[in-house]
Amino acid sequence: MTRRTRLRLFLVSAAVLAVVVLAGFGELPAFGHPGATFGTVLNALSVPQRHITDVVTAVNFTYRGVDTLAEEFIFFAAVTAVVLLLAPGDDEHADHASDAATGRWVPQTSDAVRVLALALVGPTILFGLYIVAHGHLTPGGGFQGGVVLATGVLLVYLAGEYTHLHGLYPDTVVEGIELGGASAFVVIGLIGLAVGGTFLATWGPLGQVGQLNSAGDVPLLNVSVGAEIGAGFVLILSAFLRQTIVLRRHPPSNASGSA
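These remarks concern the structure in this document. (Residues numbered from 1 in each chain as written. Predicted model: local features only at pLDDT ≥ 70, side-chain atom pairs only at ≥ 80, totals over all residues. Heavy atoms only, no water.)

**Some words on the overall build of the protein**
- The helix and strand inventory of the protein stands at 10 helices and 2 strands.
- Seen in sequence order, the protein has helices and strands lined up from the N terminus as α-α-α-α-β-α-α-α-α-α-β-α.
- Taken over 259 residues, the protein has a buried fraction of 33%.
- Long-range contacts, defined as pairs at least 24 residues apart, comprise 71% of the intrachain contacts of the protein with a sequence gap of at least 6. (Helix = DSSP H or I, 4+ residues; strand = E, 2+ residues; numbered from the N terminus. Buried < 20%, exposed > 50% of the residue type's maximum accessible area, 1.4 Å probe, protein only. Contact = heavy atoms within 4.5 Å.)

Structure follows, in structure tokens:
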């Protein structure tokens, strides 16, 4: 295939794609007037059926909860892959960080950054817990709250050093929290299957609309997801920091000197 033929095929493909995209935009409803039947039905059913005022959470954990379960385990697999890839190798050992650039000055963390980071740890973790707990009432939930909780752990590192951060928790505990969060989602769904006949069927008390103790088992699902997401990001953070700051490769052996 000549270069000119390839160019013609590219131009034809680009033209067809442009027509398809423009045709798709032409079918969109006017701004401010959505016409999606699925969204209209969910807006009408999420509150009376599930007592959930945040429709996105109702979709994620009830009407398409199996998709959310798949997404959760995709994240679990990604965290596992990162931790395995960054695990210490046979040619690596723990040692203090040293800058190989001769004459380079690496400044220490300023006191202002330390004080600000420490001051933000508590509010950040509290805000993350709030987002997880109120996911069925307002925008948020386990995914968003888990990221905020992991950010609170990152602030501990910014306020000190990696040794201070790693001294807060053993990796096995964080791994257990992540595995427990992922497993809890499955267990909650199976309870719904046993009680209601379908996976993730609501089996807890629905409570009063707008109250924290409402929406059946959805708050428990938010907690399980928040635990897995938060612990997963903490594991990724620890793995990258350990690989960057702590681990050093053994110097190559001098074969001629050992002879």
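**Here we look at the nonpolar core**
- Judged by nonpolar contacts, the single largest core of 30 residues is most densely connected at Phe61, Leu165, Tyr169, Val174, Phe185, Leu221 and Val234.
- Those elements giving two or more residues to this core turn out to be α3 (55-63), α4 (65-85), α5 (111-133), α6 (142-159), α8 (171-196) and α9 (218-246).
- Among the elements that take part in this core, α9 stands out by supplying 10 residues, more than any other.
- If sequence neighbours within four positions are ignored, Val174 has contacts with Tyr169, Ala231, Val234 and Leu235. (Core = buried A, V, L, I, M, F, W, Y, C linked by side-chain atoms within 4.5 Å.)

**Section: the pattern of salt bridges**
- The full count for this structure, using the stated rule, is 3 salt bridges.
- The partner of Arg64 in a salt bridge is Glu71, with the nearest N and O atoms 3.5 Å apart.
- For Arg242, the salt bridge goes to Asp171, with nearest N and O atoms at 3.4 Å. Of the two residues, Arg242 sits in helix α9 while Asp171 sits in helix α8, which places them 71 residues apart along the sequence. Grouping residues by exposure puts Arg242 and Asp171 together as buried.
- Residues participating in the shared-partner salt-bridge network are Arg64, Asp67 and Glu71. (Salt bridge = Lys/Arg side-chain N within 4 Å of Asp/Glu carboxyl O.)

**Here's the deal with the packing of α5 against α6**
- One can describe the packing of α5 onto α6 by two numbers: an axis separation of 8 Å at closest approach and a directional angle of 165°. Put simply, α5 runs roughly antiparallel to α6. Considering how the two elements wind past one another, α5 and α6 form a crossing that is left-handed.
- Here the contact of α5 with α6 is built from residues that sort into 16 nonpolar, 8 polar and 1 charged. (Axes fitted to C-alpha atoms, helices over the stretch in contact; angles between N-to-C directions. Parallel < 35°, antiparallel > 145°, perpendicular 65-115°, else oblique. Left-handed = near helix turned anticlockwise from the far one by under 90°. Nonpolar A, V, L, I, M, F, W, Y, C, P; charged D, E, K, R; others polar.)

**Section: unusual backbone geometry**
- Although it is not a glycine, His51 sits at a positive phi angle of roughly 60°.
- In this structure, Ala215 takes a positive phi of about 70° despite not being glycine.
- Position of Ala215 among the secondary structure elements: in the loop between α8 and α9.

**What about the environment of Gly145?**
- Examined against the element boundaries, Gly145 turns out to sit in helix α6.
- Taking the C-alpha atoms as reference, Gly145 lies 8.6 Å from Gly135; in sequence the two are 10 residues apart.
- Look past the residues within four positions of Gly145 in its chain and what remains in contact with it is Gly128, Ile131 and Val132.

**What about a nonpolar patch on the surface?**
- On the surface, Val187, Ile191, Val195, Trp203 and Leu220 cluster together into a nonpolar patch covering about 430 Å² of accessible area.
- Per element, the largest residue contribution to the nonpolar patch is 3 residues, and it comes from α8. (Patch = residues over 30% accessible without salt bridge, like charges linked within 9 Å, V, L, I, M, F, W, Y side chains within 5 Å. Areas by Shrake-Rupley, 256 points an atom, 1.4 Å probe, with all protein chains shown as cover.)

**Comments concerning α8**
- Compared with an ideal rise of 1.5 Å per residue, which puts 26 residues at 38 Å, α8 spans 37 Å between its outermost C-alpha atoms and is within 8% of the ideal.
- At the C-terminal side of α8, Gly197 shows a positive phi close to 90°. (Expected span 1.5 Å × (residues − 1).)

**Some details on α4**
- With 21 residues, α4 extends 30 Å between its outermost C-alpha atoms, agreeing within 8% with the 30 Å of an ideal straight helix rising 1.5 Å per residue.
- Burial in α4 covers these residues: Gly65, Thr68, Leu69, Glu72, Phe75 and Val79. Projected down its long axis, α4 shows its buried positions confined to an angular sector of 120°, all on one face. Relative to its buried face, α4 has exposed residues pointing more than 90 degrees away, namely Val66, Ile74, Leu84 and Leu85. (Arc of directions from axis to C-beta.)

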